[in-house]
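These are the residues of each chain, in order.
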Amino acid sequence: MKRNLKIVQLCVLVLGVASLASCSGGDREERLTKIRGVHGADEVGRGYVEVIPLSPGAQLYRDKTCNTCHGDDGIKGLLPSYPVIARQGEEYALQQMKDIQSGSRANGQSAAMKAVVQDITEEEMIILAEYIANELGGDAPIGTGVVDPESPGAVLFRTKTCTACHGKDAKSPILPTYPRIAGHTPEYVIQQMTDIKSGDRANSMAVMGMKGIMHLVTEEEIALLAEYISTVPR
Ligand code: HEC
Ligand code: HEC
């Protein structure tokens, strides 16, 4: 008799837990997302939560406050003039971090980041660059995706030699130290192209290569190119 009572009690408990789990329905995903974080556990069972620790890159990205300016996903930055860094090439990303740290890249709003990367070691930068290239942003879309291959900006992109270095799709550069530019915001592209043209951004021999062709584009054309580049998926 006593044993039966125990079984009944257990059944009630199990049913209770099960209905609790199913009642919460819609908010469940929301709560799990909170628990998992962006890069947390995928394995979440009923009644227990297994939180898989963040990868070293993801951990550094948060610990070093990169997310405050570049967003948790590396896509939506604090300001529209900030770069989209998710899925940027590893070697390029590493070089830019070093250049911003050393001050050899000091254009635009680089100063904002310089203060933060001051005490980051080269080893940490390597981990961060790998994370940026392979993990950050997951497969979230980058670039508006509304590409018009006949728009004035698209035509300029083909005729002003941009494809020679950045690739036809704006994300297959000829060298791994060259940037993937697809999906950057128009504001960021305008800033960078203007700075490369004026010489304000002159952090590498490679950037000097691009400066050499900048006489081919006017301010209006830079704006058209920027509009187009922002539509191309990365
Ligand atoms: C205070 C804001 C801020 C913080 C914090 C910050 N950044 Fe940046 N970062 C910027 C800005 C602004 C730029 C672009 C500079 C410019 O205007 O030319 C940039 C540029 C970059 C670039 C080069 C992008 C490109 O396309 O050339 C990389 C890579 C990068 N940041 C990674 C990081 C990482 C990793 C961290 C954390 C260790 C970090 N940033 C922290 C603001 C920030
Ligand atoms: C000779 C090669 C070359 C050509 C041609 C060239 N670029 Fe570049 N571009 C580069 C390199 C290299 C960089 C990055 C420099 C560095 O290392 O900091 C760059 C940087 C950029 C950036 C900034 C990317 C970032 O993440 O900060 C944009 C935007 C850009 N190029 C657009 C263009 C457009 C548009 C054209 C055509 C008008 C063009 N480029 C032509 C080599 C080139």
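All figures in this text were calculated on a predicted structure; none of them were measured in a lab. (Residues numbered from 1 in each chain as written. Chains lettered and ligands numbered in written order. Predicted model: local features only at pLDDT ≥ 70, side-chain atom pairs only at ≥ 80, totals over all residues. Heavy atoms only, no water.)

### Considerations on the coordination of the iron atom of ligand 2
Surrounding the iron atom of ligand 2 are the protein donor atoms H166 (NE2) and M210 (SD), at 2.0 Å. Its six donor atoms give the iron atom of ligand 2 angles of 88 to 179 degrees at the centre, a pattern that matches the octahedral case. With H166 in helix α9 (residues 162-166) and M210 in helix α11 (residues 205-211), this pair connects stretches of sequence that are 44 residues apart. Judged by relative accessible area, M210 falls into the partly exposed class, the value being 22%. (Donors = N, O, S within 2.8 Å, 3.2 Å for Na, K, Ca; no water. Tetrahedral: all angles 85-135°; square planar, octahedral: opposite > 155°, others 65-115°. Helix = DSSP H or I, 4+ residues; strand = E, 2+ residues; numbered from the N terminus. Buried < 20%, exposed > 50% of the residue type's maximum accessible area, 1.4 Å probe, protein only.)

### Here's the deal with the packing of helix α5 (residues 90-102) against helix α6 (residues 110-117)
Packing of α5 against α6 leaves a shortest axis separation of 8 Å and a crossing angle of 90 degrees. By the angle between their directions, the pair α5 and α6 is classed as roughly perpendicular. Residues M97, I100, Q101 and S102 of α5 form the contact with α6, whose own contacting residues are S110, M113, K114 and V117. For the contact of α5 with α6, the residue count by class is four nonpolar, three polar and one charged. (Axes fitted to C-alpha atoms, helices over the stretch in contact; angles between N-to-C directions. Parallel < 35°, antiparallel > 145°, perpendicular 65-115°, else oblique. Contact = heavy atoms within 4.5 Å. Nonpolar A, V, L, I, M, F, W, Y, C, P; charged D, E, K, R; others polar.)

### Observations concerning the site of ligand 2
Close to ligand 2 lie 26 residues; C162, C165, H166, Y188 and M210 are nearest. Between an oxygen atom of ligand 2 and a side-chain N or O atom of Y92, the distance comes to 3.1 Å. In this structure, an oxygen atom belonging to ligand 2 sits 2.7 Å away from a side-chain N or O atom of R201. For the shell around ligand 2, the elements supplying multiple residues, two or more each, are α5, α9, α10 (186-198) and α11. The biggest single contributor to the shell around ligand 2 is α10, with five residues. Across the shell around ligand 2, the residue classes break down as 15 nonpolar, nine polar and two charged. (Near = heavy atom within 4 Å. Polar contact = N/O pair within 3.5 Å; in protein donor to acceptor, adjacent residues only side chain to side chain.)

### Some points on helix α8 (residues 152-159)
Within α8 the residues assigned to the buried category are G153, A154, L156 and F157. End-on view of α8: buried residues confined to an arc of 160 degrees, all on one side of the axis. What points out from α8, more than 90 degrees from its buried face, is the exposed set P152 and T159. Residues of α8 that are buried sit in contact with α9 and α12 (219-229). Downstream of α8 by a residue or two, T161 has a phi angle that is positive, lying close to 70 degrees. (Arc of directions from axis to C-beta.)

### Focus: the nonpolar core
Counting residues in each nonpolar core, the largest one holds 21 residues, and the members touching the most others are Y61, M97, L128, I132 and L136. Elements supplying a minimum of two residues to this core: α3 (56-63), α5 and α7 (122-134). The element that contributes the greatest number of residues to this core is α7, accounting for five residues. Ignoring sequence-local partners within four residues, the contact set of M97 consists of M113, M125, L128, A129 and I132. If you look at the next biggest cluster of nonpolar residues, it comprises 19 residues, including M193, I196, V207 and I229. (Core = buried A, V, L, I, M, F, W, Y, C linked by side-chain atoms within 4.5 Å.)

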